[in-house]
Amino acid sequence: MRFEHKFVEFIPKDLDDHVLYISIRFTTTVHKCACGCGHKTVTPLSPRDWKLIFDGKSISLYPSIGNWNFPCQSHYWLNENKIEWAPKWTKEEIKEGRKFSFEEKKRYYQNNQLSDPAKIYGPKSPWWKFTWFFKKKPKND
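Caption draft 1: Structural view of the packing of aromatic side chains. Scanning all chains against the criterion turns up four aromatic pairs. Relative to phenylalanine 54, the ring of phenylalanine 7 lies with its centre 5.1 Å away and its plane at 75°, an arrangement referred to as edge-to-face. One end of the pair, phenylalanine 7, is in strand β1 (residues 4-7); the other, phenylalanine 54, is in strand β5 (residues 51-54), with 47 residues separating them in the sequence. Each ring, one from tyrosine 76 and one from tryptophan 85, has its centre 5.4 Å from the other, and the planes form 70°; the classification is edge-to-face. Given a relative accessible area of 45%, tryptophan 85 falls into the partly exposed group.

Caption draft 2: The sheet that holds strand β3 (residues 28-32), seen in detail. What the four strands build is an open sheet, ordered β1-β2-β3-β4; its pairing is mixed. Both edges of this open sheet fall to β1 and β4 (40-44), since each of them pairs with a single strand only. On average, each strand axis in the sheet is tilted by 20° relative to the strand beside it, whichever way the strands run. In terms of strand pairing, strand β2 (residues 19-23) meets β3 through three bridges, oriented antiparallel. Bridge pairing links isoleucine 22 to threonine 29 in β3.

Rules used in this analysis
Residues numbered from 1 in each chain as written. Predicted model: local features only at pLDDT ≥ 70, side-chain atom pairs only at ≥ 80, totals over all residues. Heavy atoms only, no water. Phe/Tyr/Trp six-rings, centres within 6.5 Å; stacked < 30°, edge-to-face > 60°. Helix = DSSP H or I, 4+ residues; strand = E, 2+ residues; numbered from the N terminus. Buried < 20%, exposed > 50% of the residue type's maximum accessible area, 1.4 Å probe, protein only. Pairing = 2+ DSSP bridges. Axes fitted to C-alpha atoms, helices over the stretch in contact; angles between N-to-C directions.

Here it is as structure tokens:
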């Protein structure tokens with residue numbers, strides 16, 4: 001199965017099948033799940049989330065996309081605009097994968113001394129307290 005890609009500023013409300021929408025401004029990609037269930041799949045781009053590779057012709061995302069919260073629990077890679085299916089994970093593998101991802105992010109933010117809103121406000125703070133973290137920084141002239 002092939003996907004096409006579209007660079008957009010804002011993600012459209014209605015998503016087309018087999019299209020990866022990429023917002024560089026908001027460092028996010030969105031697509032409908034590759035299995036055909038229709039669920040919206042969001043992959044934030046960051047050093048500890050997904051990485052996007054654009055070679056001028058095709059798009060790849062790394063690591064794999066595991067839709068563990070969807071009924072389908074699909075698992076795949078998007079590699080050079082093609083879907084490559086990955087093995088289905090057990091509940092234990094999903095649990096361990098989430099734990100590993102959480103620990104990797106924690107190490108990354110500790111080692112790079114980046115602002116981690118959860119450290120400042122605590123993990124149960126209202127969402128609006130985190131908005132400062134995502135505000136666009138002013139440009140220096």
